[in-house]
Amino acid sequence: MSSTPTRFARTAVMSQHSAAVTWLSVSLRPTSNSRSRQCVVASNGPALWQLFRGLSSSVEKNPSAVDATNCWRTAFAPTERNGEDAIATEALPRNPRSERGSLQRNDPNARQSETIPQPSTTTKTTTTTIPHRVLAMDPSHFQPLGSWTAQQLAESRAQHPYIMTWIPGKQRHQVPIMTHGKGVYLYDIHGKQYLDWTSQAVCTNLGYTIPEQVMQAAWHQLSTLPFTYGGIGITEVRIRLNQLLTELLSSYAVNEDESRLLRPAVYPSSGSEANEAAFLLARRYTGRHKVLSFYRSYHGASAHAASASGDYRRWYGKEHCTGFVKILNPFSLLFPNANNNEKPQKISTLSHIDAATEEGLIKSALDLLEEQIMNEGPEQIASLVMESIVGPGGCLILPTKYMQGVRALCDKYGILLHMDEIMVGFGRTGRLFGFEHYDQVVPDILVAGKGLTGAAIPLSLTACSTKIIHYFEEHPLGWGATYQAHPVALAVAYETIKYMVHNNVVGHVQDTLAPILARGLGRLANKYDCIEHVRSIGLFGCFDVQDVHGKNPKPWPHKPAHNERAFLEYKKSYAQAGLVGLHRYPQIHSAPPLIIAPHELEDGLDRLDQALHVLNQELGHS
């Protein structure tokens, strides 16, 4: 791309209230793309934003304009307002002070000297040096969102690389560019429709048609008070949301002990942050340091949350925080199978074995947990963190008696029970929170997110028992973030929760959708030999995949599978069938938006059937 400028302009913004003069410099360079040119902007003062607003207005009137200087002149015509702020503009061929940057020295149109426009005699001014820094911008940035063509988007993605998160960056070229969504469907730049089969990262619980009252609440907050920092101002919506959540959480009483009632504490921006706040809260409250967590778990990607996590993502250089102690999950993922007269029914749950055997397994698991607590030193353990329903690790549903035993051990040794409901909270399992599936089990600390706003805007929740709230009435938590309790996010959460309650979304999941999903996943598990087990609860299900030898075909999640081609072909078929979702092999998750209609859920199961047929063949099953 040539760096020769076709025009160069300088604007001086002058004010009688300041001796400083802010200079803005713009040059227009031709690019290899005939559809657009590149606009170069430099500034050493706040007038840059004023320039952008003016230039934006001009480009919107004439998006194909090729002369940025003319656009600028239209936006910044010289004015004279008797001593008030005035803007003077002079067109210059080049800026010799920027020769070390993008402008060439041998410009044939260059002048040897420059004349700086003289301000009004009523304005006191001084000159400043022309800035060296040059910021490059394509004028097409001032076109409305949604106006770039598929070719523009594809070219920009190819020319301007960025880092992906859990996959190598070059794989971004295989990720579809989505343009819009409606209901439970997403649409890419080619117009192809996809049914969102996992609510993306199990978070878009209300799909893509955002309720009108949610959008109105966001706009109201944006137009009245878009931001307050927590220690400087408290907003109405924070007070109202806090009351609403307190009322919802108050139903989880334990033996009418008000000190155990859950109450909202802080509102971070992500699940990882919510857990960070929870760890510090537990350590500050108890005066202890250690945190117990399970191997089959995930609690976030920030430092402490990653150290608490058990799955392979903690290996990416993050397991360096002290005090986090791993414990084995109570049972192997390979639960016993139940058998019927025709074929093994691959439902994975302890409820299919006899009561004596189940009781023995639970007692053994709890004995091992207590022994580890004693070996770690109970007086050093602040909390035990666990997912109420293990999400990324495979939709694992634990026996109620085991969960009651964990609660009892925490009470016995003064350990806070910390439930991570980031993925399953707010309706995913057919209850508002996953821990409700375990009678008389209420945590001391609860974290939730994702479904709190339906992923329309980032927000999470850290809640704790009343006794902990009372402690921090006299002590600072010692955790915070700039966007904690962001008022726009709180407004979205407030209306999202009310929408879910008013429209009985959770009841719809439990009474209507859960039976359809369980029946459909069970049918597919029995149809294909590549499926070893299936588990589901509410609108959340998971398959465990096996090879022809009955073994795990991908024992190391961070390494290729034994038959990597099988999963690549499955993923290709999955997309061709019109599904999009999160893949965590050897598990296959199903978690569509909670507002999916029964016929859409049945259609999604049929699409999944097509993809599983390919996987079954590629893994060598008949």
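Residues numbered from 1 in each chain as written. Predicted model: local features only at pLDDT ≥ 70, side-chain atom pairs only at ≥ 80, totals over all residues. Heavy atoms only, no water.

A. Quick peek at the packing of helix H6 (residues 236-249) against helix H12 (residues 487-502). At a closest axis distance of 9 Å, the pairing of H6 and H12 adopts a crossing angle of 40 degrees. For H6 against H12, the interelement crossing comes out left-handed. Touching Val237, Arg238, Arg240, Leu241, Leu244, Leu245 and Leu248 of H6 are Pro487, Leu490, Ala491, Ala493, Tyr494, Ile497 and Lys498, all from H12. A breakdown of the residues in the contact of H6 with H12 according to their chemical character gives 11 nonpolar, no polar and three charged. (Axes fitted to C-alpha atoms, helices over the stretch in contact; angles between N-to-C directions. Helix = DSSP H or I, 4+ residues; strand = E, 2+ residues; numbered from the N terminus. Left-handed = near helix turned anticlockwise from the far one by under 90°. Contact = heavy atoms within 4.5 Å. Nonpolar A, V, L, I, M, F, W, Y, C, P; charged D, E, K, R; others polar.)

B. Just helix H5 (residues 212-224), in detail. Here H5 is 13 residues long and its end C-alpha atoms lie 18 Å apart, about the 18 Å a rise of 1.5 Å per residue gives. For H5, the set of buried residues is Val214, Ala217, Ala218 and Gln221. One side of H5 holds all its buried residues, which, seen down the axis, span an arc of 95 degrees. Elements in contact with the buried residues of H5: H6 and H12. (Expected span 1.5 Å × (residues − 1). Buried < 20%, exposed > 50% of the residue type's maximum accessible area, 1.4 Å probe, protein only. Arc of directions from axis to C-beta.)

C. Main features of the nonpolar core. Judged by nonpolar contacts, the single largest core of 102 residues is most densely connected at Leu384, Tyr402, Phe543, Leu608, Leu612 and Leu615. Considering every element that reaches this core, the biggest residue donor is helix H13 (residues 505-527), with nine residues. For Leu608, the residues in contact, after removing those within four places along its chain, are Trp197, Leu521, Leu524, Phe543, Tyr570, Tyr574, Leu579 and Ser590. Counting residues in hydrophobic clusters, the runner-up holds 15 residues, among them Leu281, Ile445, Val447 and Phe472. (Core = buried A, V, L, I, M, F, W, Y, C linked by side-chain atoms within 4.5 Å.)

D. Examining the packing of aromatic side chains more closely. The full count for this structure, using the stated rule, is 14 aromatic pairs. Between Phe433 and Phe435, the aromatic rings sit 5.9 Å apart at their centres with planes inclined by 10 degrees, giving stacked as the arrangement. Its relative accessible area of 1% is what places Phe433 among the buried residues. Taken together, the ring pairs connect Trp166, Tyr298, Tyr312 and Tyr316 into an aromatic cluster. In this arrangement the basic side chain of Arg172 is found over the ring face of Tyr162, its NZ or CZ atom lying 5.2 Å from the centre. (Phe/Tyr/Trp six-rings, centres within 6.5 Å; stacked < 30°, edge-to-face > 60°. Lys NZ or Arg CZ within 6 Å of the ring centre and 35° of its normal.)

E. Focus on the pattern of salt bridges. What the rule picks out here adds up to 17 salt bridges. One salt bridge in this structure joins Asp609 and Lys527, with 3.0 Å as the shortest N-O distance. Of this pair, Asp609 sits in helix H15 (residues 598-618) while Lys527 sits in helix H13; the two residues are 82 residues apart in sequence, bridging distant segments of the chain. In this structure, the salt-bridge partner of Arg607 is Asp603, at a minimum N-O distance of 2.9 Å. In this pair, Arg607 and Asp603 both sit in helix H15, four residues apart, roughly one turn of the helix. (Salt bridge = Lys/Arg side-chain N within 4 Å of Asp/Glu carboxyl O.)

F. Representation of the pairing of strand S11 (residues 324-327). Judged by which residues are buried, S11 turns out to be covered on both faces: Phe324 and Lys326 on one side and Val325 and Ile327 on the other are all buried. Across four bridges, the pairing between strand S10 (residues 290-294) and S11 is parallel. From the neighbouring strand, Leu292 faces S11, where its bridge partner is Val325. (Pairing = 2+ DSSP bridges.)

G. Quick peek at the environment of His589. Considering the arrangement of structural elements, one finds His589 in strand S21 (residues 587-590). Given a relative accessible area of 8%, His589 falls into the buried group. C-alpha separation for the pair His589 and Thr198, spaced 391 residues apart in sequence, amounts to 6.8 Å. Sequence-distant contacts of His589, defined by excluding residues within four places in its chain, comprise Trp197, Thr198, Gly391, Pro392, Gly394, Cys395, Phe540, Gly541, Cys542 and Arg584. A distance of 3.1 Å separates the side chain of His589 from the backbone oxygen of Gly391, its partner in a polar contact. (Polar contact = N/O pair within 3.5 Å; in protein donor to acceptor, adjacent residues only side chain to side chain.)

H. Local environment of the confidence of the model for the protein. A residue-level look at the protein finds 74% of positions with pLDDT of 70 or above and a mean pLDDT of 81. Per-residue pLDDT stays below 50 along residues 1-49; that stretch engages in 176 contacts with residues further than four places along the chain or on separate chains. Taken together, the stretch residues 335-345 has pLDDT below 50 and engages in 20 contacts with residues farther than four places along the chain or on a different chain. (pLDDT = per-residue confidence, 0-100.)

I. Quick look at the packing of H5 against H12. Here H5 crosses H12 at 155 degrees, and the two axes come no closer than 8 Å. Judged on the interaxial angle alone, H12 and H5 are roughly antiparallel. Like other packed secondary-structure pairs, H5 and H12 cross with a definite hand, here right-handed. Every residue of H12 that contacts H5 at Gln213, Val214, Ala217, Ala218, Gln221 and Leu222 is listed here: Pro487, Val488, Ala491, Val492, Glu495, Thr496 and Tyr499. Considered class by class, the residues forming the contact of H5 with H12 number nine nonpolar, three polar and one charged. (Parallel < 35°, antiparallel > 145°, perpendicular 65-115°, else oblique.)

J. Representation of the sheet that holds strand S16 (residues 445-448) within the structure. Reading across from one edge, S9-S17-S16-S15-S14-S10-S11 is the order of the seven strands in this open sheet, with mixed pairing throughout. The sheet is open, and its two borders are formed by strand S9 (262-266) and S11, each paired with just one other strand. Direction aside, neighbouring strands of the sheet carry axes that sit 25 degrees apart on average. Of the strand pairs in this sheet, S9 and strand S17 (residues 461-465) are connected by four bridges, and their pairing is antiparallel. The residue bridging Arg263 from the neighbouring strand is Cys464, located in S17. Packing of helix H7 (residues 271-286) onto the sheet brings it into contact with S9, S10, S11, strand S14 (381-387), strand S15 (416-421), S16 and S17, and relative to S15 it is tilted by some 175 degrees.

K. Quick look at H12. The end-to-end C-alpha distance of H12, which contains 16 residues, comes to 22 Å, matching closely the 22 Å that a straight helix rising 1.5 Å per residue would cover. The element H12 is extensively covered by neighbouring structure, given that 12 of its 16 residues are classed as buried. Where H12 is buried, its residues contact H5, H6 and H13. Phi for Asn504, located one or two positions after H12, is positive at around 50 degrees.

L. Quick peek at the sheet that holds strand S8 (residues 193-196). Taken together, four strands build an open sheet; the order of strands is S6-S7-S8-S20 and the sheet is mixed. Two strands in the sheet have a free side with no partner beyond their single neighbour: strand S6 (178-182) and strand S20 (579-580). Against the sheet, H15 contacts strand S7 (185-188), S8 and S20, and its axis sits at roughly 105 degrees relative to S8.

M. View of the side chain of Ser573. For Ser573, the position within the fold is in helix H14 (residues 564-576). A residue is classified by how much of its surface remains accessible, and Ser573, at 10% relative accessible area, is buried. Not counting the four nearest positions on each side in its chain, Ser573 is found in contact with Gln610, Ala611 and Val614.

N. Highlighting unusual backbone geometry. Of the consecutive residues Tyr585 and Pro586, the connecting peptide bond is found in the cis state with omega at 10 degrees. With a phi angle near 50 degrees, Ser199 is a residue other than glycine that sits in the positive phi range. Examined against the element boundaries, Ser199 turns out to sit in helix H4 (residues 199-202). What makes Ser199 buried here is its relative accessible area of 0%. Its identity as a non-glycine residue notwithstanding, Val202 has a phi of 55 degrees, on the positive side. Mapped onto the fold, Val202 is located in helix H4. Among the residues examined, Val202 registers a relative accessible area of 5% and is labelled buried.

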